[in-house]
Protein chains: 2
Amino acid sequence: MSLLPPQITRTIEEFQKLPGIGPKSAERLVFHLLRSQRANPEALGRALLDLKSELRFCVECQMVTTKERCALCEDTARDRSIILVVEEPLEVVAFEKTAFKGLYHVLHGVLSPIDGMGPEQLKIRELIERAKSAPGTIREIIIATDPDVEGEATATYLSQQLKQFVPSITRLAHGLPMGADIEFADQVTLREALNGRRSL
Amino acid sequence: MSLLPPQITRTIEEFQKLPGIGPKSAERLVFHLLRSQRANPEALGRALLDLKSELRFCVECQMVTTKERCALCEDTARDRSIILVVEEPLEVVAFEKTAFKGLYHVLHGVLSPIDGMGPEQLKIRELIERAKSAPGTIREIIIATDPDVEGEATATYLSQQLKQFVPSITRLAHGLPMGADIEFADQVTLREALNGRRSL
């Protein structure tokens, strides 16, 4: 016999699939939603149903956007000769808090054979196309994958693929502690890492 | 200029309204949902939209249910002479893991003048009606509000209102540390608190 109505149980189960949310937290979130004036299940529910609608990747940098090209790639004030390569869209958000004024390229993951992530699963072909298609316009590609095993392997692979097209391929300085997650780095650490980048 | 598409920003904002979820956690949850095989935004979204549909309070104990009476009140094997009064539906779930075999009454809150919670905002009238309506059938009401200021005040108020109708009004033993939250107590502590209950 289930003590709680099925729609409550189902919502608790769905919340539990999220990282860092266990059974107790999921229960608390659901009962908070049932009771709260501020949070409401319909608003969150509708937002989630719309989440993927009209969502696409920018044709140039692969950032999530609703248009053909994202706002950053459309911005004529950006330095188009430098591309910062990141794993995830949230890392673009993080770097935008630093003084970086170039363009980005979002890989949407890292090379990880154990997880079935090869070059075809990432936006690597698109990055090589970008480097190839406009010879001489890109003077530097900064590879800002996480400083862990997969991130380092991805950086090495990208460097080999790109060095024939771009004069300078750099990697973020190891101001970042090894094994850390770029998304959580503070702005000062990110700025230091940008300033101390080294040639691959 | 917003870096992220509006449907992502909106979902992040709605997640942030939940307790314990800050801006960074909300971002992580949303991008996890966009990417994950296991969790998906549509399933959670639909669950949330259905959450309140057909949800009602049991006419007898005020537990959340989809029927007129909840499964516990329908269960003829329960001891109908003893009623355990709790603040929230999740506390019924917690007590069901102990050996308690009576019925419940869910107040849906506690008396808290500062939050505008008076007797009319809680299911107190319904509890008094229950005690009054079948004279002699209820031999004990156990008041299991949280052992904090509001919970103690609510227990005292209920005791005064109910004592003319019910031979024994008891309170959970203070095996529970003061200021704690019943929902998080372990089963042994809850069982001890039940066993050591004292007359008000």
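Residues numbered from 1 in each chain as written. Chains lettered and ligands numbered in written order. Predicted model: local features only at pLDDT ≥ 70, side-chain atom pairs only at ≥ 80, totals over all residues. Heavy atoms only, no water.

**Student:** Lay out the pairing of strand β3 (residues 79-86) of chain A with the relevant residues and their values.
**Tutor:** All names here are of chain A. Of all eight residues in β3, six are buried, a share of seventy percent or more. The sheet contact formed by β3 and strand β4 (residues 102-106) spans five bridges and is parallel. Paired with aspartate 79 across the two strands is glycine 102, which belongs to β4. Where β3 meets strand β5 (residues 140-143), four bridges bridge the pair, whose relative direction is parallel. Looking at the pairing, leucine 84 lines up with isoleucine 142 of β5. (Buried < 20%, exposed > 50% of the residue type's maximum accessible area, 1.4 Å probe, protein only. Helix = DSSP H or I, 4+ residues; strand = E, 2+ residues; numbered from the N terminus. Pairing = 2+ DSSP bridges.)

**Student:** Please give an account of the packing of aromatic side chains that cites residues and values.
**Tutor:** All names here are of chain B. For the structure shown, the criterion picks out two aromatic pairs over all chains. With centroids separated by 5.2 Å and ring planes inclined at 65 degrees, the aromatic side chains of phenylalanine 100 and tyrosine 104 adopt a geometry described as edge-to-face. An identical accessibility class is assigned to phenylalanine 100 and tyrosine 104; each is buried. (Phe/Tyr/Trp six-rings, centres within 6.5 Å; stacked < 30°, edge-to-face > 60°.)

**Student:** Now, about the sheet that holds strand β6 (residues 168-171) of chain B: what can you tell me, with residues and values included?
**Tutor:** All names here are of chain B. Taking strand neighbours across the sheet as the criterion, the five strands line up as β4-β3-β5-β6-β7 in an open arrangement whose pairing is mixed. Of all the strands in the sheet, the pair left with one neighbour each is β4 (102-106) and β7 (198-199). As paired elements, strand β5 (residues 140-143) and β6 share four bridges and run parallel to each other. Looking at the pairing, isoleucine 142 lines up with threonine 170 of β6. Helix α6 (residues 124-133) rests against β3 (79-86), β4 and β5 of the sheet, and its axis sits at about 145 degrees to β4. (Contact = heavy atoms within 4.5 Å. Axes fitted to C-alpha atoms, helices over the stretch in contact; angles between N-to-C directions.)

**Student:** Kindly report on helix α3 (residues 41-50) of chain B, identifying the contributing residues and their values.
**Tutor:** Residues of α3 of chain B that are buried include every one of Pro41, Ala43, Leu44, Gly45, Ala47 and Leu48 of chain B, and no others. Of the surrounding elements, those touching the buried residues of α3 of chain B are α1 (6-16), α2 (23-35) and α3 (41-50) of chain A together with α1 (6-16) and α2 (23-35) of chain B. Of the residues flanking the start of α3 of chain B, the one acting as N-cap is asparagine 40 of chain B, its side-chain oxygen 3.0 Å from the backbone nitrogen of glutamate 42 of chain B. (Polar contact = N/O pair within 3.5 Å; in protein donor to acceptor, adjacent residues only side chain to side chain.)

**Student:** An account of the domain arrangement of chain A is requested, with residue identities and associated values reported.
**Tutor:** If you check the domain split of chain A, you get domain 1 (6-50) and domain 2 (56-199). On a C-alpha basis, the centres of domain 1 of chain A and domain 2 of chain A stand 34 Å from each other. (Domains from an automatic or database assignment.)

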